[in-house]
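Given next are the chains, with one letter for each unit.
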Amino acid sequence: MLKSMLFATALATVAVPAAAQSISANDKALGARANPELLAQFGGKYGGPQAAYVEQVGKRVAVRSGLSNAQGDFTVALLDSPIENAFAIPGGYIYVTRQLLALMNSEAELASVMGHEVGHVAARHSASRNQRATIGGVLAAVVGAAAGNSAAGQLVGTAARSGAQLYVLKYGRDQEYAADGLGVRYITAAGYDPYAAADMLAQLDAQSQLTAEAGGKRGQQVPTWASTHPNSAERVRRAAALAKATGRPLTDPPQDTNYLRRLDGLAYDEKGSGKRIRIVAVKPGDTIAALSRRMAYDTLQRERFMTLNAIEEDAQLSPGRLVKIVTRG
């Protein structure tokens, strides 16, 4: 997705703060109070074996933010939610949904998602909207990061029980660019491929288009990343330019088979649907059409298969390549 556009891209300049403020005692207290509310709101913690892996990656990136050098100061949770999203709140709390985890195709892409979200916290983007330093402000920041107008009513009840006033916020374009810049900085420092950020954004854009083609949000009350994180081809190009500015060469890395194998058995889509991600190796003679027919959907099987695996139209499947299939049971 990224390679064809990179060389036509000029260097993007993004203003980012020189240094992040460390996690304060007040931030820790607010985050600790908001965390149980957020876990309840977004499906609770996912209990599969992928949770420890997500925690490991998240902390590896977070310590590069300047908020803290100690991994123990960060709490990373994999959420049992069928919505592709991620967010972070002050106090060192980082969240990723299992649906978003399934969409990614490498550890570097996962790292870039969490680096981006930590960037919002490090840059204090929620504070720039004049939110009060209360649990209400923390919850409002999450609405800005992970929800939208359709989620407001649902979250108002939760906030009201805490005596919090809820504001529905979205990150603006400049804040998204700034968080992208910080995220690329963090993942590069953590040893990841900086170009993964652009790949991740392109993947999210493809999923957003697929969701629209499939008929919208299927009645979701909690919108996806795309509804609150302004995305565009220009943003993908800027992320690619940021990666180029690190001095790291653009390469065609091998498939991240370790990451993909970790996804095997991950619950997918709505709770109770019985759907899971299965990782299978392409066999001689397998085609995109044949593998797509194994997807547990009645419509758009080919489109879902190609989007989930980031496969382009002219791609050839080589024997031994790992692919994700959504199955029942």
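Residues numbered from 1 in each chain as written. Predicted model: local features only at pLDDT ≥ 70, side-chain atom pairs only at ≥ 80, totals over all residues. Heavy atoms only, no water.

1. Structural notes on the overall build of the protein chain
Point 1. The helix and strand inventory of the protein chain stands at 14 helices and five strands.
Point 2. By residue count, 56% of the 329 residues in the protein chain fall in the buried class.
Point 3. Here the analysis covers contacts within the protein chain between residues at least 6 apart in sequence; of these, 74% occur between residues at least 24 apart.
Point 4. With the model as given, the accessible surface of the protein chain reaches about 13800 Å², and the carbon-plus-sulfur share is 50%. (Helix = DSSP H or I, 4+ residues; strand = E, 2+ residues; numbered from the N terminus. Buried < 20%, exposed > 50% of the residue type's maximum accessible area, 1.4 Å probe, protein only. Contact = heavy atoms within 4.5 Å. Areas by Shrake-Rupley, 256 points an atom, 1.4 Å probe, with all protein chains shown as cover.)

2. Comments concerning the pattern of salt bridges
Point 1. Scanning the model with the defined rule gives 10 salt bridges in all.
Point 2. Here Asp80 and Arg98 are joined by a salt bridge, their closest N and O atoms 2.5 Å apart. Taken together, the residues Asp80 in the loop between β1 (75–79) and β2 (86–89) and Arg98 in helix α4 (residues 98–103) connect sequence positions 18 residues apart. As far as burial versus exposure is concerned, Asp80 and Arg98 are alike and both buried.
Point 3. Connected via shared salt-bridge partners are Asp80, Arg98 and Lys271. (Salt bridge = Lys/Arg side-chain N within 4 Å of Asp/Glu carboxyl O.)

3. Digging into the packing of aromatic side chains
Point 1. By the definition in use, this model includes three aromatic pairs.
Point 2. Aromatic side chains Phe42 and Phe87 sit 4.9 Å apart centroid to centroid with 50 degrees between the ring planes, which places their arrangement in the tilted category. Of this pair, Phe42 sits in the loop between α2 (25–41) and α3 (50–62) while Phe87 is found in strand β2, placing the two residues 45 residues apart along the sequence. Pair check on accessibility: Phe42 and Phe87 agree, each one buried.
Point 3. Here Phe87 and Tyr95 contribute two aromatic rings whose centre-to-centre distance is 4.8 Å and whose plane-to-plane angle is 25 degrees, an arrangement assigned as stacked.
Point 4. One aromatic cluster is present, formed by Phe42, Phe87 and Tyr95 through successive ring pairs.
Point 5. In this structure, Arg60 packs its charged tip against the face of Tyr192, placed 4.1 Å from the ring centre.
Point 6. The side chain of Arg238 reaches across the aromatic face of Tyr177, ending 3.8 Å from its centre. (Phe/Tyr/Trp six-rings, centres within 6.5 Å; stacked < 30°, edge-to-face > 60°. Lys NZ or Arg CZ within 6 Å of the ring centre and 35° of its normal.)

4. Regarding the packing of helix α5 (residues 107–122) against helix α8 (residues 173–189)
Each pair of packed helices can be summarised by the angle the axes make with each other and by the distance between the axes.
Point 1. Viewed as axis vectors pointing N to C, α5 and α8 meet at an angle of 120 degrees, and their least axial separation amounts to 7 Å. It follows that α5 is oblique to α8 by the angle criterion. The two elements α5 and α8 meet at a crossing, and its hand is right-handed. On the side of α5, the interface is formed by Ala111, Ser112, Gly115, His116, Val118, Gly119, His120 and Ala122, while α8 contributes Gln175, Glu176, Ala179, Asp180, Leu182, Gly183, Tyr186 and Ile187.
Point 2. In terms of residue class, the contact of α5 with α8 is made up of seven nonpolar, seven polar and two charged. (Axes fitted to C-alpha atoms, helices over the stretch in contact; angles between N-to-C directions. Parallel < 35°, antiparallel > 145°, perpendicular 65-115°, else oblique. Left-handed = near helix turned anticlockwise from the far one by under 90°. Nonpolar A, V, L, I, M, F, W, Y, C, P; charged D, E, K, R; others polar.)

5. Quick notes on the nonpolar core
Point 1. In terms of nonpolar packing, the biggest core is built from 66 residues, with Leu110, Ile277 and Phe305 touching the most fellow members.
Point 2. The biggest single contributor to this core is α5, with eight residues.
Point 3. When near neighbours in sequence (up to four residues on either side) are disregarded, Ile277 contacts Ala102, Leu263, Asp264, Gly265, Leu266, Tyr268, Leu308, Lys324, Ile325 and Val326.
Point 4. Core analysis: the second largest hydrophobic core is formed by 10 residues, Ala34, Phe87, Tyr93 and Tyr95 among them. (Core = buried A, V, L, I, M, F, W, Y, C linked by side-chain atoms within 4.5 Å.)

6. Section: the environment of Ser318
Point 1. Counting through the fold element by element, Ser318 comes out in the loop between α14 (301–308) and β5 (322–328).
Point 2. Sequence separation between Ser318 and Lys283 is 35 residues; the distance between their C-alpha atoms is 8.0 Å.

7. As for the confidence of the model for the protein chain
Point 1. Overall, the prediction assigns the protein chain a mean pLDDT of 81, with 74% of residues at 70 or greater.
Point 2. Overall, residues 1–18 carries pLDDT values under 50, and its contacts beyond four positions in sequence, including any with other chains, amount to 41 contacts.
Point 3. The low-confidence segment residues 143–169 (pLDDT under 50) makes 62 contacts with residues lying over four places distant or belonging to another chain. (pLDDT = per-residue confidence, 0-100.)

8. Overview of the sheet that holds β1
Point 1. Pairing is mixed in the open sheet, where three strands are placed in the order β1-β3-β2. Bordering the open sheet on either side are β1 and β2, each of which pairs with just one other strand. Strand-to-strand, the axes of this sheet are offset by a mean angle of 15 degrees, without reference to chain direction.
Point 2. With five bridges connecting them, β1 and strand β3 (residues 93–97) associate as parallel partners. The residue bridging Thr75 from the neighbouring strand is Tyr93, located in β3.
Point 3. Packed onto the sheet, α2 meets β1, β2 and β3 and runs at close to 15 degrees relative to β3.
Point 4. The strands that α5 touches are β1, β2 and β3; relative to β2, the one it contacts most, it runs at about 35 degrees. (Pairing = 2+ DSSP bridges.)

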